[in-house]
Amino acid sequence: MLMKFLKTRVLSIGQVLYSNFRQRRTRSLSLLFALGLGLSLVVSACSSNATKPEAVTSPTSNQNVTGSITVNIGFQKAATILNALKSKSSLEQALAPSGGTVKWTEFPAGPPMLEAMNAGSVDFGYTGESPPIFAQAAGNPLVYVAYDPWGPKAEAIIVQKNSPIKTVAELKGRKVAFAKGSNTNYLVVKALESAGLKYSDIKPVFLTPADARAAFESRNVDAWAIWDPYLAAAQEATGARTITDATNLAPNRGYYLARKSFVEEHPDVLKTILDEVTKVDKWAASNPAEVAKFLEPQLGIKAAVLELAEKRREYGVLPLTEEVIAKQQEVADTFQKIKLLPKQIQVKEIVWKGQ
């Protein structure tokens, strides 16, 4: 009996101890679970807060892409559309609601403008067909975003009105002035080829438009390849005679270009810029007289002369087609052929695909 009692008592005490152990274990596990859940919530909250600023400032986010951005635009006075856009302040108005601003920087020519783009101080600009070719060869991270037809009538090779030279073939052995690596440099090469001559058959004289005008008027050169509005001004002032324009020889297009990283980070801003450029382009096409009056004090060229230049050019802000890219590639290949371009490039590699 005693042994049975002791056995029963020991089992009873064991059950109580086990029950107490289970309760303490359950409370411990509950406490650990609660602690773990709390830590998880804290970590989750911290992680969530850490990712929020990145999402807001991401370049691909539409929330804050245009906000407080300053768009740096390079322009030339003779580049009608961007000059007029600056004057009208319509781009500033379009960007203002989202906090965007515009900074305009004037350049004397396309190459220094593209050098500034390479340095990151210009986001968007416009040049003739040749500067972007040399810039690409130099590793400049730019992108073609649109083109301007401009047209073959807006550039020509001219001679003095009483010059004995009547045809391109008669330029053999003569001094011909033009800007090195310019659209008229390309025109000269193609004009010579059409006449059965080589580039080496002439004596190139590399001069800026202002210096070439002085050399032409003083008869230090026999011919001058130049573009509007300087072409129209020379014709009006000297009675210069055209021996050929670029018809069937050179496309003479202009290009709207942008810094590659700007295009990648702010495609919506680029679209706004192109929209505003298009509006001004349409206005200019319909109002050559007003454009001429606007440019007259800036260029020091008579409004009547500028109006002539505006009327014989073409207008448009157009996406690059396969045909346009192929022709620009031909320009690049020609410059490499005459050893002005140091290496071969592929124009299609830097054409904006978002258009």
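Please read all numbers here as calculations on a predicted model, not as lab measurements.

Basis of the calculations
Counting starts from 1 at the beginning of each chain's written sequence and moves along it residue by residue. Selection of residues for local features in this predicted model requires a pLDDT of at least 70, selection of side-chain atom pairs for listing and counting requires 80 or more, and totals for whole chains, interfaces and linings are taken over all residues. Neither water nor hydrogens contribute to the side-chain values; these are computed over all heavy atoms in the structure. Exposure classes here rest on a 1.4 Å probe applied to the protein chains alone. A residue is buried below 20% of its type maximum, exposed above 50%, and partly exposed in between. Runs of E in the DSSP output that reach at least two residues are strands. Runs of H or I that reach at least four are helices, and both are numbered from the N terminus. We call two strands paired when DSSP finds no fewer than two bridges between them. Here an angle of 0 to 180 degrees is reported between the N-to-C directions of two axes, which are lines fitted to C-alpha atoms, with helices fitted over the stretch in contact. Oblique is the label for any angle not covered by the other classes, which are roughly parallel (under 35 degrees), roughly antiparallel (over 145) and roughly perpendicular (65 to 115). For a crossing to be left-handed, the near helix must be turned anticlockwise from the far one by less than a right angle; the clockwise case is right-handed. It only takes one pair of heavy atoms within 4.5 Å for two residues to be counted as in contact. In the scheme used here, Gly and all other residues not listed as nonpolar or charged are polar, with Ala, Val, Leu, Ile, Met, Phe, Trp, Tyr, Cys and Pro taken as nonpolar and Asp, Glu, Lys and Arg as charged. Pairing of aromatic side chains requires ring centres within 6.5 Å, counting the rings of Phe and Tyr and the six-membered ring of Trp. Pairs whose planes differ by under 30 degrees are stacked, by over 60 edge-to-face, and all others tilted. Definition used in this section: a nonpolar core is a set of buried Ala, Val, Leu, Ile, Met, Phe, Trp, Tyr and Cys residues joined via side-chain atoms within 4.5 Å. Here, a salt bridge means any Lys or Arg side-chain nitrogen found within 4 Å of an Asp or Glu carboxyl oxygen.

K.L.:
Can you help me understand the pairing of strand β4 (residues 142-148) in this one?
P.N.:
If a strand is regular, its side chains alternate between the two faces of the sheet. Most of β4 sits inside the fold, with seven of its seven residues counted as buried. Here β4 pairs with strand β10 (residues 254-259) via six bridges, running antiparallel. Considered in β10, the bridge of Y147 is made with Y255.

K.L.:
Whenever I open this one, the packing of helix α11 (residues 288-299) against helix α12 (residues 303-311) confuses me. Can you help?
P.N.:
Two quantities define a packed helix pair, namely the angle between the helix axes and the distance between the axes. Relative to each other, α11 and α12 sit at 125°, their axes nearing to 8 Å. The angle between the axes of α11 and α12 places the two elements in the oblique class. Judged by the sense of rotation from one axis to the other, the crossing of α11 with α12 is right-handed. Side by side, α11 and α12 meet where P288, A289, V291, A292, K293, L295, E296 and L299 of the first sit next to A303, L306, E307, E310 and K311 of the second. For the contact of α11 with α12, the per-class residue count stands at eight nonpolar, no polar and five charged.

K.L.:
Is there a simple way to think about the packing of aromatic side chains in this case?
P.N.:
To describe a pair of aromatic rings, you give the distance between the ring centres and the angle between the ring planes. For the coordinates displayed, the defined rule picks out nine aromatic pairs. When the centroid spacing of 5.6 Å and the interplanar angle of 75° are considered together, the rings of F178 and F206 count as edge-to-face. With a gap of 28 residues between them, F178 in strand β6 (residues 175-178) and F206 in strand β7 (residues 203-206) connect regions that are remote in the sequence. With a relative accessible area of 1%, F178 lands in the buried category. Grouping aromatic residues by their ring pairs yields a cluster made of F124, Y126 and Y256.

K.L.:
Can you help me understand the nonpolar core in this one?
P.N.:
Generally speaking, soluble globular proteins have nonpolar side chains that are buried together. One finds Y144, I157, L171, V188 and L320 to be the most contacted residues of the largest nonpolar core, which totals 49 residues. Residue contributions to this core peak at six residues, all from helix α6 (residues 183-194). Membership of the second largest hydrophobic core comes to 43 residues, among which are V71, V263, V269 and A284.

K.L.:
It is not clear to me how the environment of W283 should be interpreted in this structure. Could you clarify?
P.N.:
Topologically, W283 is positioned in helix α10 (residues 267-286). In this structure, the C-alpha to C-alpha distance between W283 and I81, residues 202 residues apart in sequence, is 9.3 Å. Those residues within four positions of W283 in sequence are excluded, and the remaining contacts are A84, K88, E290 and V291.

K.L.:
Sorry if this is basic, but what is going on with unusual backbone geometry here?
P.N.:
Glycine aside, a negative phi is what most residues show, and trans is what most peptide bonds show. Here the residue pair D228 and P229 is connected by a cis peptide bond, since its omega of 5° sits within 30 degrees of zero. Inspection of the secondary structure puts P229 in the loop between β8 (223-227) and α8 (230-238). Phi is positive for S89, which is not a glycine, with a value near 60°. Along the polypeptide, S89 turns up in the loop between α2 (80-88) and α3 (90-95). The backbone of R219 sits at a positive phi, close to 60°, despite the residue not being glycine. Turning to its location among the elements, R219 is positioned in the loop between α7 (209-217) and β8.

K.L.:
Even after reading the chapter, I still don't get the sheet that holds β8, so can you show me in this structure?
P.N.:
What holds strands together in a sheet is hydrogen bonding between their backbones, with the strands either parallel or antiparallel. Here we have five strands laid out as an open sheet, ordered β7-β6-β8-β5-β9, and mixed in their pairing. Two strands bound the open sheet, and with one partner strand each, they are β7 and β9 (241-245). For this sheet the average axis-to-axis angle between neighbouring strands, irrespective of direction, equals 30°. Strand direction decides the pairing type here: strand β5 (residues 155-159) and β8, joined by four bridges, are antiparallel. The residue bridging E155 from the neighbouring strand is W227, located in β8.

K.L.:
Explain the pattern of salt bridges to me, please; I cannot follow it from the model alone.
P.N.:
Pairing between side chains becomes possible if they bear opposite charge and their charged atoms approach one another. Enumeration over the complete set of coordinates arrives at 15 salt bridges. In this structure, D245 engages K153 in a salt bridge whose closest nitrogen and oxygen atoms are separated by 3.3 Å. Here D245 is found in strand β9, whereas its partner K153 is found in the loop between β4 and β5, with 92 residues between them in sequence. The salt bridge partner of D222 is R174, with a shortest N-O separation of 4.0 Å. Here D222, found in the loop between α7 and β8, pairs with R174, found in the loop between β5 and β6; they are 48 residues apart in sequence, far enough to count as distant. A relative accessible area of 26% places D222 in the partly exposed class. By sharing partners, the salt bridges in this structure join K190, E193, K327, E330 and K337 into a single network.

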